[in-house]
Amino acid sequence: DLFINVCYMSGLLGNYNMSTEERTYCFVDSLERQSALIVAINTAVENGDIIGLDGWKYIWGMIFELRDLQLLSGKNLKESDPDLLTGEARIEFSRRLMQLDEPDVIHDTPRKGIMSLVFGTGSSENLSNQLTRRGSQQSLHGKEDLLLWDEIASSDEEDEPSSNNDEYASLPYYQRSPSRQFSSVGTAFENQLFNEMAYGNDDLPVTGLERIDSRQAELLSPRGRVRNRLANLVDFNGLISETRYLCDDGLSDTLNALIDIIRDSSKNNNANEEAAISGLPISPASEAFAEILLCEVVRKNRDRFAFIWENILSAHYNSRLTCRPEGSEVESDSMILTPGIEKCVSGILKICIWASSRNVFANEVLPTLEILHPPLGACVWSPLELNLDKHLSEGLWRICRNVDGLSQIDDNAWEGILGLLDWCASRGGIPSRDNFGSLDEDDPSLQAFRSLHLMLHAEELKDIVPYGVVKSIRSLVEAGERGHCPKLSIAGLDLLQLIHTRMETLVIQKESELLLHCWNPTIDAVAEPAEKSRNGNVRQHALTLLTDMVLDRHGTCIPLLSLCEIMNSICIPIAGERITDLLRIPRNADVDLEEIMIELELCISLLFKPFLHHLKNLVSLEQEFLGIWISMLGIMTHLLGDDE
């Protein structure tokens, strides 16, 4: 009770019926409130085991309120891993998330006004008046307008030395902890206030230039001074790093407090204003920040990852992202993409990256990738709306490049990876705005190709990647067709040829049933672009590859009836249709005659070469052979001309 009372004395919990500016002024103007915050957080860092679940809720609540008031320095509690999006993609995603029409708004410097001069008010408050989100209801505290978790305030850019003591200022945060630098937190606070009052007044120079610099230091905003004061006196990063020394119960309290706040925040978004004021509301940006802190705590406790995943994280991620079908016991709600959902998805991807790279609990974690896409995932948006496709594709690439870790995962983990591969390949294929005939570097289908190419060519994964990857490659070829990128389609066909070559092992082992089960989807994947592709180079490459695959000795190792079905339903119809289409082209058409003749020759080869190669075996099946022969006679009659 004493610790909770200290937390309330900070003034950061409650009073949500006041505006952001009023709450900021109350905290910046009160040394007592700042003292309570400093005492509470440093107590949590040093005694996290004994403050309990409620204590951690109040600690995180104060952290999120500091973030919402833009009093938390950007140097503290940062995201360790690189962003899943490129800089340009992050700007575009943030713009669409905020539903603004001008993308330059995010780059603009904060507007100068009275509140900005007094408190260093950041761009979130200024942008909040411009936001017109669908279904948004303005509350007294205005937290729903804060969407970007890492948005900076104007005071972030103020050039203020952290201390007169340069040696002290250069120390890392863990050495600047008050308990290590001073005898007590109170002594540290007193020393900090003394340095602030003495700054710029000791050893005054006689030149006018130094007096101008001193005046600039005195014009720093109160918000900037408080931010710097807290950065020097509070070990914010210790809230994360010191969790390594907590017992299992203390670590559970830390993580469950974050999860409870996230869950309550999601409920408060749909609750009325009175319920939000009486509870512990946090902004969408702080909800995303909570998901980031969740991952950071897990990252610092990798040695206890199995305990964390089984008891805490698995249930949290499944409850947030798993689709709730109609008719189930759980109420079906539509999934709305929020900053918290984005960071939740990013958190799963980053945890999967850690697990696969260190071979720690990978078989239990990687199947969770299935909840990021249909049919289990609830995060489904149309291509014209905001989506997380680029997040998923970049996370997929970072997972797949750890080939050593992938060589030791089981079938369930592979299903999760292949499902995400198929989803990313099918969601890409958007033509580049700058270069026609190519895709952007971060296009999901291109990222899927990189992952597939690396896995199928890695020596560590030889004969390990499941043959079900053919489905993903087929989606890749279709993406190249959608994006008018023949290079991607041809590269996908080359991967199918590599899969066909890998099946040589099944031929040697004479596993005819497994070979047929894997070979048929590969043949179908090659036949589709040979028949339907709009690009001549892709069609020719597919026709050549299809002919070679049927001519290979794989066809002699499958049941003869299956071979007849492939020839009668794939090879002969495709060759006949393409020959018919080529003969219909007018003589005076503006086309390359040489390209037409090349494709016509390939169609004739597809028609006759497999037939002649397998003729000895086909003769033994009179009825099937007769059907194939009649079909070929019809095509030859059309090719030679009805009159002849």
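Right above here is the structure, for reference.
Residues numbered from 1 in each chain as written. Predicted model: local features only at pLDDT ≥ 70, side-chain atom pairs only at ≥ 80, totals over all residues. Heavy atoms only, no water.

**Q** How do you make sense of the overall build of the protein chain when you look at a structure like this?
**A** Within the protein chain one finds 32 helices and 0 strands. For the protein chain, the proportion of its 644 residues judged to be buried stands at 51%. Sequence separation of 24 or more characterises 77% of the internal contacts of the protein chain that already satisfy a separation of 6 or more. Of the accessible surface of the protein chain, which amounts to about 30900 Å², a share of 51% is contributed by carbon and sulfur atoms. (Helix = DSSP H or I, 4+ residues; strand = E, 2+ residues; numbered from the N terminus. Buried < 20%, exposed > 50% of the residue type's maximum accessible area, 1.4 Å probe, protein only. Contact = heavy atoms within 4.5 Å. Areas by Shrake-Rupley, 256 points an atom, 1.4 Å probe, with all protein chains shown as cover.)

**Q** Sorry, what's going on with the side chain of serine 605 here?
**A** Locating serine 605 in the fold gives a position in helix 30 (residues 593-613). Taking relative accessible area as the criterion, serine 605 reaches 17% and is therefore assigned buried. Dropping the residues within four chain positions of it, serine 605 is found in contact with Thr547 and Pro610.

**Q** What's the story with the nonpolar core in this structure? I'm lost.
**A** Nonpolar side chains tend toward joint burial in soluble globular proteins. If you look at the biggest cluster of nonpolar residues, it comprises 167 residues, and the most contacted ones within it are Ile59, Trp60, Ile63, Phe64, Tyr317 and Ile417. Not counting chain neighbours up to four residues away, the residues in contact with isoleucine 59 comprise Phe3, Ala40, Ile41, Ala44, Ile51 and Leu239. (Core = buried A, V, L, I, M, F, W, Y, C linked by side-chain atoms within 4.5 Å.)

**Q** Help me understand a positive patch on the surface in this model?
**A** There is a patch of like positive charges on the surface, built from Arg244, Lys300, Arg302 and Arg358. Note on lysine 300: relative accessible area 37%, which makes it partly exposed. (Patch = residues over 30% accessible without salt bridge, like charges linked within 9 Å, V, L, I, M, F, W, Y side chains within 5 Å. Salt bridge = Lys/Arg side-chain N within 4 Å of Asp/Glu carboxyl O. Lys, Arg positive; Asp, Glu negative; His and termini not counted. Charge placed at Lys NZ, Arg CZ, Asp CG, Glu CD.)

**Q** Just to check I follow, could you spell out helix 30 for this structure?
**A** Working note: α-helix, 3.6 residues per turn, so residues spaced by three or four point in the same direction. Relative to the 30 Å expected for 21 residues at 1.5 Å per residue, helix 30 spans 30 Å between its end C-alpha atoms, a close match to the ideal helical length. Residue serine 605 marks the point of greatest curvature in helix 30, where the axis turns by about 25 degrees. Within helix 30, the full set of buried residues consists of Ile596, Glu599, Leu600, Leu602, Cys603, Ser605, Leu606, Leu607, Pro610 and Phe611. In this fold, the buried residues of helix 30 make contact with helix 28 (536-551), helix 29 (560-583), helix 31 (615-618) and helix 32 (622-640). (Expected span 1.5 Å × (residues − 1). Bend = angle between axes of the 7 residues up to and from the residue.)

**Q** Help me out: how do you make sense of the packing of aromatic side chains in this one?
**A** One pair of aromatic rings is described through two measures. These are the centre distance and the angle between the planes. With the rule as written, the count across this model stands at 8 aromatic pairs. A ring pair is formed by phenylalanine 611 and phenylalanine 625, whose centres lie 5.9 Å apart and whose planes are at 20 degrees; its orientation type is stacked. Here phenylalanine 625 lies in helix 32 and phenylalanine 611 lies in helix 30, a separation of 14 residues in the sequence. Residue classification places phenylalanine 611 among the buried residues on the basis of a relative accessible area of 4%. Judged by relative accessible area, which is 22%, phenylalanine 625 ranks as partly exposed. Three or more aromatic residues joined by ring pairs form one cluster here, namely Phe305, Trp309, Tyr317 and Phe361. (Phe/Tyr/Trp six-rings, centres within 6.5 Å; stacked < 30°, edge-to-face > 60°.)

**Q** What's the story with helix 16 (residues 284-300) in this structure? I'm lost.
**A** Taking 1.5 Å per residue as the helical rise, helix 16 with its 17 residues ought to reach 24 Å, and the 25 Å between its terminal C-alpha atoms agrees with that figure. Burial analysis of helix 16 places 15 of its 17 residues in the buried class, which makes it a mostly covered element.

**Q** What is the right way to read the packing of helix 3 (residues 31-46) against helix 4 (residues 52-68) from this model?
**A** How two helices sit against one another is set out by the angle between their axes and by the gap between those axes. Where helix 3 meets helix 4, the closest approach of the two axes is 10 Å, and the angle between their N-to-C directions is 130 degrees. The angle between helix 3 and helix 4 places the two elements in the oblique class. Helix 3 and helix 4 meet at a crossing whose hand is left-handed. Contacts between helix 3 and helix 4 involve Leu37, Ala40, Ile41 and Ala44 on the former and, on the latter, Trp56, Ile59, Met62, Ile63 and Leu66. Considered class by class, the residues forming the contact of helix 3 with helix 4 number 9 nonpolar, no polar and no charged. (Axes fitted to C-alpha atoms, helices over the stretch in contact; angles between N-to-C directions. Parallel < 35°, antiparallel > 145°, perpendicular 65-115°, else oblique. Left-handed = near helix turned anticlockwise from the far one by under 90°. Nonpolar A, V, L, I, M, F, W, Y, C, P; charged D, E, K, R; others polar.)

**Q** Just to check I follow, could you spell out the side chain of serine 438 for this structure?
**A** Among the secondary structure elements, serine 438 is positioned in the loop between helix 22 (411-427) and helix 23 (444-457). When residues no more than four places from it in sequence are discounted, the contact partners of serine 438 are Pro431, Ser432 and Cys485.

**Q** Explain the pattern of salt bridges here, please?
**A** If the charged atoms of two oppositely charged side chains come close together, the side chains can form a pair. Taken as a whole and judged by the stated rule, the model has 25 salt bridges. Its salt-bridge partner being glutamate 441, residue arginine 450 comes within 2.4 Å of it at the nearest N-O pair. Put simply, arginine 584 and aspartate 581 hold a salt bridge, and the shortest N to O gap is 4.0 Å. For arginine 584, a relative accessible area of 63% translates into the label exposed. Its relative accessible area of 34% is what places aspartate 581 among the partly exposed residues. Through salt bridges that share partners, Arg539, Arg578, Asp581, Arg584 and Glu599 make up one connected network.

**Q** Looking at this structure, I do not really get the environment of alanine 425. What am I missing?
**A** Assignment of secondary structure puts alanine 425 in helix 22. By relative accessible area, which is 0% here, alanine 425 ends up buried. Each C-alpha atom of the pair alanine 425 and serine 475 lies 5.5 Å from the other, and the pair is 50 residues apart in sequence. Discounting chain neighbours no more than four positions away, the residues touching alanine 425 are Ser445, Ala448, Ser472, Ser475, Leu476, Ala479 and Arg482.

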